[in-house]
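Here is what each chain is made of, one letter per residue.
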Amino acid sequence: MERMHAAMREFPGSLGVAGPRGDLSRVLAALERERLLDPGGRGGCWRAEGDRLGALMSALPAQALHGDAHPGNVLVTPAGLVWNDFEYAWHGPVAWDYACMAATGRPGAWAAAVEGRIDPAELAVCRDFRELFVAGWFQLLAHRFPHRAGEASEVLASTLPPTS
């Protein structure tokens, strides 16, 4: 991943992708459209937490990143490992790609791999924002596929506190 980030560091163009903040806004809008979001309850918490974490991420040093760095986006070729599927590339903190890989790869292996390379506080902010987005995505998934409702409820409960 370090070689990919080094190559992307000098990318001069605009990526035209809003990144996780835009993704979360679209998920929340879809939840509202489907009447799956209580604006006075968890919806308000979701927005407040998204705004808080988004502001923290915006304050971190940014560069062009992959945006969806997980093992499924790495190809094994005769020339070595190659990253593909850059459709979610955006300008943001490098910790975002590491948080994605840690959540979808082998977390223990990635924790050891990033130690000393990525600020743990930056990684935590990116991880928490990603978890917030994933919780929303799971709610939409469960709406479309009701047999996933239990899984969606577990993800939501671990991400946002229940409203009173």
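This text goes with the structure placed above it.
Overview of the structure. Only a predicted model underlies this, so the values are computations on that prediction, with no experimental measurement involved. (Residues numbered from 1 in each chain as written. Predicted model: local features only at pLDDT ≥ 70, side-chain atom pairs only at ≥ 80, totals over all residues. Heavy atoms only, no water.)

Structural notes on helix α7 (residues 149-159)
- Those residues of α7 that sit buried are A152, V155 and L156. Buried positions in α7, seen along its axis, are confined to an arc of 95° and lie on one side of it. Seen from the open side of α7, the exposed residues pointing more than 90 degrees away from its buried face are E154, A157 and S158. (Buried < 20%, exposed > 50% of the residue type's maximum accessible area, 1.4 Å probe, protein only. Helix = DSSP H or I, 4+ residues; strand = E, 2+ residues; numbered from the N terminus. Arc of directions from axis to C-beta.)

With respect to the pattern of salt bridges
- Tallying each qualifying case throughout the model produces six salt bridges.
- With a shortest N-O distance of 3.9 Å, E131 and R127 are connected by a salt bridge. With E131 and R127 both in helix α6 (residues 120-144), this residue pair falls four residues apart, about one helical turn.
- With a relative accessible area of 35%, E131 lands in the partly exposed category.
- The exposure class of R127 is partly exposed, given its relative accessible area of 38%.
- As a salt-bridge pair, E151 and R148 come within 2.6 Å of each other at their nearest N and O atoms.
- Residue E151 is classed as partly exposed on the basis of its relative accessible area, which comes to 33%.
- Taking the relative accessible area as the measure of exposure, R148 reaches 27% and is therefore partly exposed.
- In the salt-bridge network here, residues are joined through shared partners; they are R127, D128 and E131. (Salt bridge = Lys/Arg side-chain N within 4 Å of Asp/Glu carboxyl O.)

Things to note about the pairing of strand β2 (residues 74-77)
- Two strands pair when backbone bridges link them, and β2 and strand β3 (residues 80-83) are joined in this way by four bridges, in the antiparallel orientation. Of the residues in β3, the one forming a bridge with L75 is V82.
- Hairpin connection of β2 to β3: two residues between the antiparallel strands. (Pairing = 2+ DSSP bridges.)

What to know about the nonpolar core
- One finds M1, W46, M57, W96 and L123 to be the most contacted residues of the largest nonpolar core, which totals 38 residues.
- The leading source of residues in this core is α6, at 10 residues. (Core = buried A, V, L, I, M, F, W, Y, C linked by side-chain atoms within 4.5 Å.)

What about unusual backbone geometry?
- The phi torsion at D85 lies on the positive side, around 60°, for a residue other than glycine.
- By secondary structure assignment, the location of D85 is in the loop between β3 and β4 (90-92).
- For D85, a relative accessible area of 30% corresponds to the partly exposed category.

Concerning the packing of helix α2 (residues 20-33) against α6
- Two elements in contact, α2 and α6, have axes separated by 9 Å at closest approach and are oriented at 30°. Classified by the angle between their axes, α2 and α6 sit roughly parallel to one another. Considering how the two elements wind past one another, α2 and α6 form a crossing that is left-handed. Here α2 contributes P20, R21, D23, L24, V27, A30 and L31 to the contact with α6, which in turn contributes F129, L132, F133, G136, W137, Q139 and L140.
- In terms of residue class, the contact of α2 with α6 is built from 10 nonpolar, two polar and two charged. (Axes fitted to C-alpha atoms, helices over the stretch in contact; angles between N-to-C directions. Parallel < 35°, antiparallel > 145°, perpendicular 65-115°, else oblique. Left-handed = near helix turned anticlockwise from the far one by under 90°. Contact = heavy atoms within 4.5 Å. Nonpolar A, V, L, I, M, F, W, Y, C, P; charged D, E, K, R; others polar.)

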